[in-house]
Amino acid sequence: MTSLKEICRGLPLYPLPENRGRRKGIPHAPVRTPNLTAQEKKLALRNALRYFPPEIQKKLALEFAEELRLYGHIYMYRFFPDIEMRAYPIGEYPCKTKSAAAIMLMIMNNLDPSVAQFPQELVTYGGNGQVFSNWAQFWLVMHYLSEMTEEQTLVMYSGHPLGVFPSHQYAPRLIITNGMVIPNYSTRDEYEKMFALGVTMYGQMTAGSYCYIGPQGIVHGTVLTVLNAGRRYLKVEDLSGKVFVTSGLGGMSGAQAKAAVIAGCVGIIAEVDEAALLKRHKQGWLMEISNNLDHCIARLRYDLDARKNKIALSLGYHGNVVDLWERLVYELDTTGELLVDLGSDQTSCHNPFSGGYYPVQLGFEEAKQLLSTNPGKFRTLVQESLKRHVAAINRLADKGMFFWDYGNAFLLEAQRAGADVEKRGANKTEFRYPSYVQHIMGDIFSLGFGPFRWVCTSGDPQDLATTDSIAMSVLEDSIRQGVSTSVKQQYHDNIRWIREAGRHSLVVGSQARILYSDQRGRVSIAVAINRAISEGRIKAPVVLSRDHHDVSGTDSPYRETSNIYDGSAFCADMAVQNFVGDAFRGATWVALHNGGGVGWGEVINGGFGLVLDGSKEAEERAKMMLSWDVSNGVARRCWSGNDYAYETICQAMKENSTLKVTLPHKVVDENILEQAMKH
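Quick notes on the rules
- Residues numbered from 1 in each chain as written.
- Predicted model: local features only at pLDDT ≥ 70, side-chain atom pairs only at ≥ 80, totals over all residues.
- Heavy atoms only, no water.
- UniProt positions renumbered as here; feature names shortened; annotations may be inferred.
- Helix = DSSP H or I, 4+ residues; strand = E, 2+ residues; numbered from the N terminus.
- Patch = residues over 30% accessible without salt bridge, like charges linked within 9 Å, V, L, I, M, F, W, Y side chains within 5 Å.
- Areas by Shrake-Rupley, 256 points an atom, 1.4 Å probe, with all protein chains shown as cover.
- Salt bridge = Lys/Arg side-chain N within 4 Å of Asp/Glu carboxyl O.
- Buried < 20%, exposed > 50% of the residue type's maximum accessible area, 1.4 Å probe, protein only.
- Axes fitted to C-alpha atoms, helices over the stretch in contact; angles between N-to-C directions.
- Left-handed = near helix turned anticlockwise from the far one by under 90°.
- Contact = heavy atoms within 4.5 Å.
- Nonpolar A, V, L, I, M, F, W, Y, C, P; charged D, E, K, R; others polar.
- Phe/Tyr/Trp six-rings, centres within 6.5 Å; stacked < 30°, edge-to-face > 60°.
- Pairing = 2+ DSSP bridges.
- Core = buried A, V, L, I, M, F, W, Y, C linked by side-chain atoms within 4.5 Å.
- Disulfide = S-S within 2.5 Å.

- Per an unreviewed UniProt entry, the protein chain goes by the name Urocanate hydratase and belongs to Bubo bubo.
- Under Cofactor (unreviewed entry), UniProt gives the following word-for-word description of the protein chain: "NAD(+)".

Structure follows, in structure tokens:
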């Protein structure tokens, strides 16, 4: 078994580790089909061999060529480390700086088999969200981090460590870019080719920025989404007895089962991959599993009726979600009873033709085989399946079920497949069903609330409990000091979340917590945690971060910015400015990505990590960086015409005299536009 000290020595070359290939008993990424020419295959091999000295290239070339042929990518399985991959306590990493040790902890958490979707292919979540492109990069990065000082910055190009460069102590220790492809070449087909060549990488959001915290990272947002869907669509605060149907129990989507139970409803979640179902069941995130649709329906009726008995339930259906939706249509047609109240989808539809969505016409294993042998036929079946999928949803929605797109490009891909999702007279970011940002989370973003998170690097659950207590106290104090009615509702939801977080066993991997918070809350919590570290109440540094899916972090016209209606939804200034602004305001590391959520070429997003070590400097960094990290997006949303954002940024300017934001003037008389156009 390899030690952390050995991991930090760099690539193990003399002797080479044994090549044990793909490990059995763990999930693996689907075979990729990059369609390389003979010359491009040689280029992919040449690029991979650059990491190794000439005397061992011949031996490695043969096995790398075999990997490329069998799997469509060179992962370098020989260099898969023989270590228990997990987030070790920060003090165990052999580093010269706490910042570098914290980054190493976060990287190993992203690759922890209990966290990562396909750990041996370096995929954390989303089917193709890479931490690195190959295992040579992992070894080199860990070595660089172990050696670097506070006067250096590690630069990452799409998984590749370009090197450690001189900088200064106030600069970020790590700068990451993933998938920064020239726009005209940022297509899916080009991506598959460039990834196979080893020159770019899809980092999803928090996979390639080393900030993933397991399915908990989305569960709070999913709880808020389901609760607010109940408020908006069903006009209820209490979701007991209500049924929520969706799909996906993989990486991010694995949060849906836990969220349904926390929200108090009946959640039925379809998943084609049995390994994902069993993983979530073992972790306690999924209460029941069944491969029988009759049983699933029985749980909504008769003696097993979880609706009538108002039982909070998460039931995983091992099968295709299209079969589930069509069975619910059958029940409606034969009994007249609508058995579902709320619906959504979290298949990896950002990547529908490479294993993110499996067609209903085939079983899981048969579909995987077709994907590798006949990707064209697979694509056709996926599009036919999407049309059936939507047809069933439309039938149920016509009778009163409320459906929303969960930002996974489901409606976008369904539209491209020819499904009936058009919204008459709408702009191109709108469909028959709303994005959850448009109807549910958009106003939350405009108030400055988003998925703030932190990781206790001691690995001690007691430190996490201390941070929970601190966060709850901060929120309660803020309410006492006075907040607006709209903000108060969010604070109460957050207090409920943090109060119940411990008993819901949310931790998978690192000792982490997510909490939707606004600028005031984030800064206050960060300052309070930093002081607790200084006082010794928390034993080790704490890493602050957030999902890229946030107020300012992401420009994505079909998700995070889908409620931007001034024509700028397809512009990415906000995300890029956020990345740059975080870098010089105190972040320990920053990342900027192409892709994430809705897919390659559809979004630009960024994130950060900020290490709190109890110092006064860390407190000042947190105040400055977190304030910008929220107010940037609120200001942009204000300028686009959002009333909540206008109120929020005006309040921020009252509280900080150095903040000056350009405010929009509304056109109060729409008739002047018509009159002007006539001339």
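**Details of unusual backbone geometry**
Stage number 1. Here the bond from Tyr14 into Pro15 is cis, since omega is 0°, no more than 30 degrees from zero.
Stage number 2. With respect to the secondary-structure elements, Pro15 resides in the loop between helix 1 (4–7) and helix 2 (38–49).
Stage number 3. Even without being glycine, Ser158 reaches a positive phi, approximately 45°.
Stage number 4. Secondary-structure assignment places Ser158 in the loop between strand 3 (152–157) and strand 4 (160–166).

**Some points on a nonpolar patch on the surface**
Stage number 1. Taken together, the side chains of Tyr157, Leu162 and Phe165 present a nonpolar region at the surface, about 290 Å² in accessible area.
Stage number 2. Inspection of the secondary structure assignment puts Leu162 in strand 4.
Stage number 3. Judged by relative accessible area, Leu162 falls into the partly exposed class, the value being 38%.

**A few points about the packing of helix 11 (residues 321–335) against helix 14 (residues 375–398)**
Stage number 1. Look at helix 11 against helix 14: their axes get within 9 Å of each other, and the N-to-C directions meet at 35°. The hand of the helix 11/helix 14 crossing is left-handed. In contact with Val321, Val322, Asp323, Trp325, Glu326, Leu328, Val329, Leu332 and Asp333 of helix 11, helix 14 contributes Ser385, Arg388, His389, Ala392, Ile393, Arg395 and Leu396.
Stage number 2. Its residues assigned to classes, the contact of helix 11 with helix 14 comprises nine nonpolar, two polar and five charged.

**Describing the packing of aromatic side chains**
Stage number 1. Summed over all chains, the structure comprises 27 aromatic pairs.
Stage number 2. Considering the side-chain rings of Phe138 and Trp139, the 6.3 Å spacing of their centres and the 80° angle between planes classify their relative orientation as edge-to-face. Taken individually, Phe138 and Trp139 each receive the classification buried, so the pair is uniform in this respect.
Stage number 3. Ring plane angle 65° and centroid distance 6.2 Å describe the contact between Tyr191 and Tyr202, whose orientation is recorded as edge-to-face. Of this pair, Tyr191 sits in helix 6 (residues 188–197) while Tyr202 is found in the loop between helix 6 and helix 7 (216–234), placing the two residues eleven residues apart along the sequence. For the pair Tyr191 and Tyr202, one class covers both residues: buried.
Stage number 4. Put simply, the rings of Phe80, Phe132, Trp135, Phe138, Trp139 and Tyr210 pair up and form one aromatic cluster.

**A few points about the UniProt feature "domain: Urocanase N-terminal" (unreviewed entry) in the protein chain**
Stage number 1. Under the UniProt annotation, the feature "domain: Urocanase N-terminal" (unreviewed entry) is placed at residues 85–211.
Stage number 2. Between the C-alpha atoms that bound residues 85–211 there is a distance of 16 Å. The span itself is 28% helix and 18% strand.

**Examining the sheet that holds strand 7 (residues 266–271)**
Stage number 1. Across the sheet, six strands lie side by side as 8-9-7-6-10-11; this open sheet has parallel pairing. One side of each edge strand has no neighbouring strand; the edge strands of this open sheet are strand 8 (288–290) and strand 11 (402–403).
Stage number 2. When strand 10 (residues 342–343) meets strand 11, the two strands line up parallel, connected through two bridges. Within strand 11, the position partnered with Leu342 by the bridge is Phe402.

**Considerations on the nonpolar core**
Stage number 1. Counting residues in each nonpolar core, the largest one holds 151 residues, and the members touching the most others are Phe52, Phe64, Phe79, Ile107, Phe138, Tyr210 and Trp454.
Stage number 2. Counting 57 residues, the second-largest nonpolar core is a separate cluster that includes Leu332, Tyr357, Leu386 and Met401.

**Here we look at the pairing of strand 9 (residues 313–318)**
Stage number 1. Among the six residues in strand 9, five count as buried, and that is most of the element.
Stage number 2. Across six bridges, the pairing between strand 7 and strand 9 is parallel. Looking across to strand 9, one finds that Val266 is bridged to Leu313.
Stage number 3. Relative to strand 9, strand 8 is paired through three bridges, and the arrangement is parallel.

**Describing the state of the cysteines**
Stage number 1. The tally for this structure, following the rule as stated, stands at zero disulfides.
Stage number 2. No disulfide involves Cys650; its nearest neighbouring cysteine sulfur is the one of Cys638, lying 6.2 Å away.

**Examining the pattern of salt bridges**
Stage number 1. This model, assessed by the stated rule, comprises 46 salt bridges.
Stage number 2. A salt bridge links Asp468 to Arg513; the shortest N-O distance between them is 2.9 Å. Taken as a pair, Asp468 in helix 17 (residues 461–481) and Arg513 in strand 13 (residues 512–517) lie far apart in primary sequence, 45 residues in all.
Stage number 3. Accessibility expressed as a relative area gives 3% for Arg513, which makes it buried.

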